[in-house]
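What the coordinates show
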Amino acid sequence: MSTSQTSAVPKMASSESLRPFQFLVPQSELEDLIRRLKATRWPEKETVTNYSQGVPLAMMQQIARYWTTDYDWRKIEAKLNSYPNFLTEIDGLDIHFIHVRSKHDNALPVIITHGWPGSVIEQMKLIEPLTNPTEYGGNAEDAFDVVIPSLPGHGFSGKPATPGWGPERIANAWAVLMDRLGYKKYVAQGGDWGSMVTDLMAAQGHPELMAIHNNMPGAVPTEIDKQLWAGTVPAGLSADEKKACEELVFFYKQVYYAFIMGTRPQTLTGLADSPIGLATFLLDHDAKSTALINRSFEGKTEGITRDDVLDNLSLYWFTNTGVSASRLYWENKLGFFAPKGVNIPAAVSVYPDELYPCPRSWAEKAYPKLMHYNKLDKGGHFAAWEQPKSFVQELRTAFKSLR
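This text gives an overview of the structure that appears in the document. (Residues numbered from 1 in each chain as written. Predicted model: local features only at pLDDT ≥ 70, side-chain atom pairs only at ≥ 80, totals over all residues. Heavy atoms only, no water.)

Before going further, it helps to spend a moment on helix H11 (residues 275-283). When you tally the buried positions in H11, you get seven out of nine residues, the bulk of the element. Those residues of H11 that fall on the buried side of the exposure criterion are Pro275, Ile276, Leu278, Ala279, Phe281, Leu282 and Leu283. (Buried < 20%, exposed > 50% of the residue type's maximum accessible area, 1.4 Å probe, protein only. Helix = DSSP H or I, 4+ residues; strand = E, 2+ residues; numbered from the N terminus.)

In a regular helix each residue adds 1.5 Å, so 14 residues correspond to 20 Å; helix H9 (residues 239-252) covers 20 Å between its end C-alpha atoms and thus fits that length. What H9 keeps buried is the set Glu241, Ala244, Cys245, Glu247, Leu248, Val249, Phe251 and Tyr252. Those residues of H9 hidden inside the fold are in contact with helix H8 (222-229), helix H10 (256-263), helix H12 (287-297) and helix H15 (360-366). (Expected span 1.5 Å × (residues − 1). Contact = heavy atoms within 4.5 Å.)

Turning our eyes to something else, we now look at the pairing of strand E4 (residues 108-113). Successive side chains on a regular strand alternate, one facing one side of the sheet and the next facing the other. The buried fraction of E4 is high, at six of six residues. Burial along E4 is two-sided: Leu108, Val110 and Ile112 facing one way and Pro109, Ile111 and Thr113 facing the other are all buried. With helix H5 (residues 124-131) bridging E4 and the parallel strand E5 (residues 144-149), this β-α-β connection has right-handed handedness. Sheet topology places E4 next to strand E6 (residues 186-190); four bridges connect them, and they run parallel. (Right-handed = clockwise from strand over helix to strand, strands pointing away. Pairing = 2+ DSSP bridges.)

This brings us to the environment of Ile63. Mapped onto the fold, Ile63 is located in helix H3 (residues 57-69). Looking at Ile63, the relative accessible area reads 0%, which means it is buried. C-alpha separation for the pair Ile63 and Thr280, spaced 217 residues apart in sequence, amounts to 9.7 Å. When residues no more than four places from it in sequence are discounted, the contact partners of Ile63 are Leu283, Phe297 and Leu310.

Scanning all chains against the criterion turns up 17 salt bridges. Taking the shortest distance from any N to any O, the salt bridge between Asp94 and Arg19 comes out at 2.9 Å. Placement of the pair is Asp94 in strand E3 (residues 93-100) and Arg19 in strand E1 (residues 19-21), with a sequence separation of 75 residues. For Asp94, a relative accessible area of 25% puts it in the partly exposed group. Of the charged contacts in the structure, one is a salt bridge between Glu128 and Lys79, with a shortest N-O distance of 2.8 Å. (Salt bridge = Lys/Arg side-chain N within 4 Å of Asp/Glu carboxyl O.)

As a further point, take the sheet that holds strand E8 (residues 346-350). Working definition: the strands of a sheet are paired by backbone hydrogen bonds and lie parallel or antiparallel to each other. In spatial order, the strands read E1-E2-E3-E5-E4-E6-E7-E8-E9; together these nine strands make up an open sheet with mixed pairing. Among the strands making up the open sheet, the edge pair consists of E1 and strand E9 (370-375). Taking the axes of each pair of neighbouring strands and ignoring which way they run, one obtains an average angle of 25° across the sheet. Of the strand pairs in this sheet, E1 and strand E2 (residues 85-90) are connected by three bridges, and their pairing is antiparallel. Considered in E2, the bridge of Arg19 is made with Leu87. Across the sheet, helix H6 (residues 167-180) touches E2, E3, E4, E5 and E6, and the angle it forms with E2 is around 120°. Relative to strand E7 (residues 209-214), helix H7 (residues 193-203) is tilted by about 155°, and along the sheet it contacts E4, E6 and E7. (Axes fitted to C-alpha atoms, helices over the stretch in contact; angles between N-to-C directions.)

Quick look at empty space enclosed by the protein now. Counted by the stated rule, this structure contains two cavities of 30 Å³ or more. Going through the elements one at a time, H11, H12 and helix H13 (306-319) are the ones with two or more residues in the lining of the largest cavity. Among the elements that take part in the lining of the largest cavity, H13 stands out by supplying three residues, more than any other. Residue composition of the lining of the largest cavity, by class: eight nonpolar, four polar and no charged. One number sums up the size of the second largest cavity: a volume of about 80 Å³. Every residue lining the second largest cavity is counted, 15 residues in all, and those nearest its centre are Glu122, Gln123, Gly191, Asn215 and Ala384. (1 Å grid on protein atoms, 1.4 Å probe; cavity = no way out; pocket = protein on both sides within 12 Å on 5 of 7 lines; lining within 4 Å. Points joined across faces, edges and corners; volume = space filled by probe spheres on them. Nonpolar A, V, L, I, M, F, W, Y, C, P; charged D, E, K, R; others polar.)

Written out as structure tokens, the structure reads:
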């Protein structure tokens, strides 16, 4: 990527300033991390041979060994700082974002939102293929301008000091951000929390937002969702609908991390004190993702590497956002998978190891202007991170008709 691409500062549509930003961890903090890792007091081994009691002890000890002896934070730090990073104040809070303009004319602007326990690192693999498609199997007409913000309380964005920064407010802030960058027409993409924020941007009716893409769609019918929380799979479903319901019933029984963050985020103070405590909590997201990460530390890399995992964990540690990121669950009052009232063109990509494989029938009801629906062969909850090549192709295909 050329210097001209990474250094361009966009024109602003308002008087609010964009402040260039870089993140450099002092050597003393790197040394403190190693000291804390070596001083970890471990619990006894779990009494089962599966993930039913949480993240296995052996997995965390493998992570600790690699984190202590072989991992190099400076690599991802340099990569992060090679892109144009900015801070800007919106509604009284500093919002961090990466913004890379394409060298190609008429590039389509897209704002991409991460989730928990993710960060902007999750989407960095997308930047160069989206902004410079001719070098990554695409055409100039496939080019995007890419905006990747850090959610409030996450990464390099400010940590709200008062209640009120729920997903609705974040969605509105993202519209303000895109306006501030001078974009009069753009699209949005999201997974996990980014899914909800993206759906809400569409539901709020921001006229500049042309369409959205979602890889964790809010599409579960309300009446069905109620039965799933009770542990019941309704009768009379298609095969795809039944499979989605079975996956959700299983997931709803494992979602205890969300319950504690949604009710007692401040109780998680230990996440600010112990890097292994933080890492263990962040990695206990869903069984399929935990298994994927476990495999990467056993030398069976598929989708993400050991360094990928530790890049994200280290970012949470160095920004001390274990607790502040948790508060988004406390703020939220909406159903994670419930339809949000999206009435603009929408695209849905279904990855097989997502928390649930959204059936087309549900997607068509939740997104009445569904313009693209595709089931992928490989990938899971962190699809952009795990399978960036197919993810980029999904975005190119989904938004092609809008160019």
